[in-house]
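Survey of secondary and tertiary structure
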Amino acid sequence: MRLPIYLDNHATTRLDPRVLEAMMPYLTGTYGNAASHSHSFGWAAEQAVETARAQMAQLIGATAKEIVFTSGATESNNVALKGVVETARQSQPDRPLHIVTQATEHKAVLDVCGWLSRQGCLVTTLPVSAQGLVDLDELRRALDDEPALLVSIMAANNEVGTMQPVEEIGVLCRERGVLFHTDAAQAVGKIPVDVARAKIDLLSLSGHKIYGPKGVGALYVRRGVKVAEQMHGGGHERGMRSGTLNVAGIVGLGAACALAAGEMAEETVRLGVLRERLRTKLLAGLERVRVNGSATHRLPGNLSVTFQGVDSESLMMGLKDVAVSSGSACTSASIQPSHVLRAMGLSEDDAHSTLRFGIGRFNTEEEIDFVAERIVEVVPKLRELSPAWAEMT
Ligand SMILES: *Cc1c(COP(=O)(O)O)cnc(C)c1O
C-alpha cells in the first residue's frame, strides 16, 4: 500500500492508464486539426473525435450528433443555461424567463443562475429534504405557479452523493413543455443514465470525474433543442461551441466512457462494498458520528460523515496520509460551511465537522481499513482537546 491514500474522487479522479494509452497517439504523431478537411492529418483527427463522440453517446443513450464537446461540466452548464435563455430571448420574446433549480446544485449551476437572475430572469431555487432530495410536489407547484423555460436539477450530488429522481423530473418537465437540464458530472459513468428514459433535454458531464483527462467535457443537446452559442468563432460543434477541438482530450473522454460502460456494473458493486466497509467501521468505532445523505438514493463511492465535536480541518490535518475533502473542492478555499450540508438542515457546527470520502476505481480494501483505523484513532484524541465536545458530553 502506497501513502498518501486518495479518497477524494468527487473532486477529481486519476487518469486511467488505459485512457492515457488511447490518448498518446493524439499527443504525439497524430496531431492534425479535426477541422482540417484537406489532408490525412485532419482526417485522422476527425475520425478519432467521431469515434469518441459515438462512445460518449452510447454511454448515455444519445446519438453522436447530439454531443457537443466542451472544456468540462462548468462550461457545459454555462452553455446549457445561458444558451437556452438567449435562444428564448431571441425567438420567443414574450415567454417568461423562469428557471427552476434546487439548493444543492454545484456552484457551476447556482452561480450561472445568480448571473441570469441579475440579467432579469426569474430563478426559483427549490429546497431539499434532510437526505438532500428535491420534493416532486414542490417542483410541480413551482412549474404550475409560473410557467418555466428550463429546469436544472443535478443527477447526483458531489458532496453527499444523493441521486435525484431524474426520471420523474423528466416526466414533469416534458408534460409541461419545459426543458430539462441535468448536471450529471458525478452520475455519468457511475450509475446508469439514459437521456431517453429520463426525458433529459440537456446533460452536462466532465472527463476528469470519470478517470479521463481534465479540461474536457461534453454537453448533450437533444435533437431539436436550440442552444445559443456562448463562444463565438469558427462554428465548430454545429455552431454551439467554437474553438479547435481538444483531440487528445476528447479521445480520452471517449475511452473513459467506453471503459465505464463496460465496467460500471461490477465497479458499482465493488465500490458499494468498500463504502459499507468504511461506514460500518466508523460507526462501530466512534460515538456521535452521523452519515449525511440518502441511504438508498446514493452514489456507490460516496460517504459523507459528520464527526460531532471535531473540526474537519483539524481532522484532515490529523489524517495527513489521507486525501479527503471537508466539502466541495470548489468552496473549500473559503471557510464558508458547505451550502449543500446547510441546505440539508445541518447546523453550522455540524457542517464544519463533516468529511467527504470519495471512493474510486483505484482504491483497495487495505486502504479503506487503514483510513478507518486512523480515523477511529485520531477522532477521540481531537475530541479530548475540543471545547465543543466537552460542552456536548
Ligand atoms: C466537478 C463538477 C463540476 C465541474 O466540472 P468541471 O469539468 O471541473 O468544470 C460540475 N458539477 C458537478 C456536479 C461536479 O461534480
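To start, this report covers the structure provided alongside it. Think of each chain on its own: its residues are numbered from 1, step by step along the sequence as written. In view of the model being predicted, local features appear only for residues whose pLDDT reaches at least 70, and side-chain atom pairs are presented and counted only at 80 or more, with totals across whole chains, interfaces and linings using the full set of residues. Processing note: side-chain calculations cover all non-hydrogen atoms of the structure and skip hydrogens and water entirely.

1. A few points about the environment of Phe307
The condition is simple: The way it works is that DSSP assigns letters per residue, a run of H or I at least four long becomes a helix, a run of E at least two long becomes a strand, and they are numbered from the N terminus. Only protein chains enter the accessibility calculation, which uses a 1.4 Å probe. A residue is then buried if its area is under 20% of the maximum for its type, exposed if over 50%, and partly exposed in between. The contact definition used throughout considers only heavy atoms, calling two residues in contact when any of these lie within 4.5 Å.
Considering the arrangement of structural elements, one finds Phe307 in strand β10 (residues 302-307). Classification of Phe307 as buried rests on a relative accessible area of 0%. Placed 25 residues apart in sequence, Phe307 and Leu282 show a C-alpha to C-alpha distance of 9.7 Å. Discounting residues that sit within four places of it in the chain, Phe307 has contacts with Leu282, Leu286, Arg288, Val289, Leu315, Ser353, Leu355, Phe357, Ile375, Val379 and Arg383.

2. Notes on a nonpolar patch on the surface
Our working rule: Patch criteria: residues need more than 30% relative accessible area and no salt bridge. Like-charged residues are merged within 9 Å; nonpolar side chains of Val, Leu, Ile, Met, Phe, Trp and Tyr are merged within 5 Å. Method for areas: the Shrake-Rupley scheme with a 1.4 Å probe, in which residue coverage is limited to the protein chains shown. The term salt bridge refers to a pairing of a side-chain nitrogen on Lys or Arg with a carboxyl oxygen on Asp or Glu at a separation within 4 Å.
Taken together, the side chains of Leu20, Met24 and Leu27 make up a nonpolar region of the molecular surface, amounting to roughly 260 Å² of accessible area. Note that Leu20 resides in helix α1 (residues 17-27).

3. So, the packing of aromatic side chains
So the rule is basically this: Between the rings of Phe, Tyr and Trp (Trp by its six-membered ring), a pair exists once the centres lie within 6.5 Å; its type follows the angle of the planes, with under 30 degrees stacked, over 60 edge-to-face, and the other angles tilted. Only Lys NZ and Arg CZ are tested; either one counts as a charge over a ring when it is within 6 Å of the ring centre and within 35 degrees of the ring normal.
Counted by the stated rule, this structure contains two aromatic pairs. Relative to Phe41, the ring of Tyr31 lies with its centre 5.4 Å away and its plane at 35°, an arrangement referred to as tilted. Residue Tyr31 is located in the loop between α1 and α2 (40-60), and its partner Phe41 is located in helix α2; the two are separated by ten residues in the primary sequence. On the basis of an interplanar angle of 80° and a centroid distance of 5.8 Å, the ring pair of Tyr211 and Phe362 is categorised as edge-to-face. Here Tyr211, found in the loop between β7 (202-206) and β8 (217-221), pairs with Phe362, found in the loop between β12 (354-358) and α11 (365-384); they are 151 residues apart in sequence, far enough to count as distant. Positioned above the aromatic ring of Phe362, the side-chain terminus of Arg14 is 4.7 Å from the ring centre. Here Lys82 stacks its cationic end above the ring of Trp115, 5.0 Å away from the centre of that ring.

4. Observations concerning the sheet that holds β7
Applicable threshold: A pair of strands is labelled paired if DSSP reports no fewer than 2 bridges between them. Each axis is a line fitted through C-alpha atoms, and for a helix only the stretch in contact is used; angles between axes span 0 to 180 degrees, taken between their N-to-C directions.
In spatial order, the strands read β2-β8-β7-β6-β5-β3-β4; together these seven strands make up an open sheet with mixed pairing. Looking along the sheet, the strands with just one partner apiece sit at the ends: β2 (67-70) and β4 (122-126). With strand direction ignored, the average angle separating the axes of adjacent strands in the sheet is 20°. Sheet topology note: the strand β3 (residues 98-102)/strand β5 (residues 150-152) ladder contains two bridges and is parallel. Following the sheet pairing, Val100 is matched in β5 by Val151. Where α2 meets the sheet, its contacts fall on β2, β7 and β8, and the angle it forms with β2 comes to roughly 115°. Of the strands in this sheet, β5 and β6 (179-183) touch helix α6 (residues 166-175), which is tilted by about 155° from β6.

All we've got here are geometric facts, nothing functional implied.
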